[in-house]
Amino acid sequence: MTYLPLKYEPSNIFPKEIIAVRPDVHIMLSSGTLPDKTNRKAETTAPVFELSYSRKCSIYGEVNSTPIELRPGYSSMGFLGQAAGTSEYDADKEIQLYSIWVSPAAFDSFCKSVSGKGDIGFHSFQKNMCYYYDFKCDALEESIIKKLDSCFLQKTDQLNNLLLESQILELLSINIEKLLCQDLSKSQINQLSKCDMEQLKYAREILLNRMTCPPTLLELSHMVHMNDCKLKRSFKQCFGKTVYEYVREQRLEKAFSLLCQDHYNVSETAFAVGYTNVSHFSEAFKKKFGITPGELSKSNKRGASQTGQSY
């Protein structure tokens, strides 16, 4: 038996489809274009966690008088008690919105799975009856959402529910980890001095500007006037990754973006982000995103050919 503690006025757009992935995890797809400017009301009847992605446009509204904005390219996480809200939609604005709803008990279980600790959960993040966090999507998260797009765009007679569940659980895992890391990093970063933080931010700026030919750790430490051992330790403490891991991730995310824009082929993309061996590039890319660069390039071309297809 499934339960979704929401009250709303249904329409042919809101929601287009609701799927119970698990009894306490649902995904709601809303999509279409409104002919007139519209304000919609909704409310929760019990505490619930929401993870949302607006794919086409920014959506503005209020929940319990708290202003909310859902932006493309960002995840939005809401920790809601019994709350009422309104959303505004302009005429002729295309809407494609994913809302993943999770019970507090299931969210607590997911937190324990991610952190290995049982003392962090829904009430750790719910500061009041309505509390929101948002994070910019990275390339891995975007690649998973594109798979969600494909699931709903293909309109096959039988949806692969196991695949859909795995994608939703991965999105939840990514965002719960961001929440947990945010709280952890705040306490750790407070141990770094203002001068340390300025040097670390400068080191990150150098790495971003020299992504294709980054300095060695020793060279970087000289450039930012920090001992190399301290730089190695503090960089991971501040940014959650070693210098090498950070450069590799930025290269792969840049490569993902270039392939999505369809400006380069696989070899050109590899060289553009600093890889000299295309095979090594393809292997690292697949390990991070679960898809080869060639497969991504082909899927984007297929997706472009479907542009204009209605839901």
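Above: the structure in question.
How each quantity is defined
- Residues numbered from 1 in each chain as written.
- Predicted model: local features only at pLDDT ≥ 70, side-chain atom pairs only at ≥ 80, totals over all residues.
- Heavy atoms only, no water.
- Helix = DSSP H or I, 4+ residues; strand = E, 2+ residues; numbered from the N terminus.
- Buried < 20%, exposed > 50% of the residue type's maximum accessible area, 1.4 Å probe, protein only.
- Pairing = 2+ DSSP bridges.
- Axes fitted to C-alpha atoms, helices over the stretch in contact; angles between N-to-C directions.
- Contact = heavy atoms within 4.5 Å.
- Core = buried A, V, L, I, M, F, W, Y, C linked by side-chain atoms within 4.5 Å.

**Structural notes on the environment of Leu 34**
So, step 1. Relative to the helices and strands, Leu 34 is located in the loop between strand S3 (25–33) and strand S4 (38–44).
So, step 2. Given a relative accessible area of 10%, Leu 34 falls into the buried group.

**What about the sheet that holds strand S2 (residues 17–22)?**
So, step 1. Taking strand neighbours across the sheet as the criterion, the six strands line up as S2-S3-S10-S5-S8-S11 in an open arrangement whose pairing is antiparallel. Every interior strand has two partners, whereas the edge strands, S2 and strand S11 (130–136), have only one. Between one strand axis and the next, the sheet turns through 20 degrees on average, direction left out of account.
So, step 2. Of the pairings in the sheet, the one linking S3 to strand S10 (residues 94–102) comprises nine bridges and is antiparallel in character. Bridge pairing in S10 links Gly 32 to Ile 95.
So, step 3. Along the sheet, helix H1 (residues 104–115) contacts S2, S3, strand S5 (48–54), strand S8 (74–80) and S10; its crossing angle with S10, the most-contacted strand, is approximately 80 degrees.

**Comments concerning the pairing of strand S6 (residues 59–63)**
So, step 1. The side-chain alternation of S6 yields one buried face, formed by Ile 59, Gly 61 and Val 63, and one unburied face, formed by Tyr 60 and Glu 62.
So, step 2. Direction of pairing for S6 relative to strand S7 (residues 66–70): antiparallel, over a ladder of five bridges. Of the residues in S7, the one forming a bridge with Glu 62 is Pro 67.
So, step 3. Connecting the antiparallel pair S6 and S7 is a turn made up of two residues, with Asn 64 showing a positive phi of about 50 degrees.
So, step 4. In this structure, S6 lies alongside strand S9 (residues 84–89), joined through four bridges in antiparallel fashion. Note that in S9 the partner of Gly 61 across the bridge is Ser 87.

**Here's the deal with the nonpolar core**
So, step 1. With 52 residues, the main nonpolar core has Ile 27, Phe 49, Phe 79, Ile 100, Val 102, Phe 107 and Phe 285 as its most contacted residues.
So, step 2. It is helix H4 (residues 161–189) that contributes the most residues to this core, eight residues altogether.
So, step 3. In this structure, Phe 14, Leu 80, Tyr 89 and Trp 101 belong to the second largest nonpolar core, which totals 18 residues.

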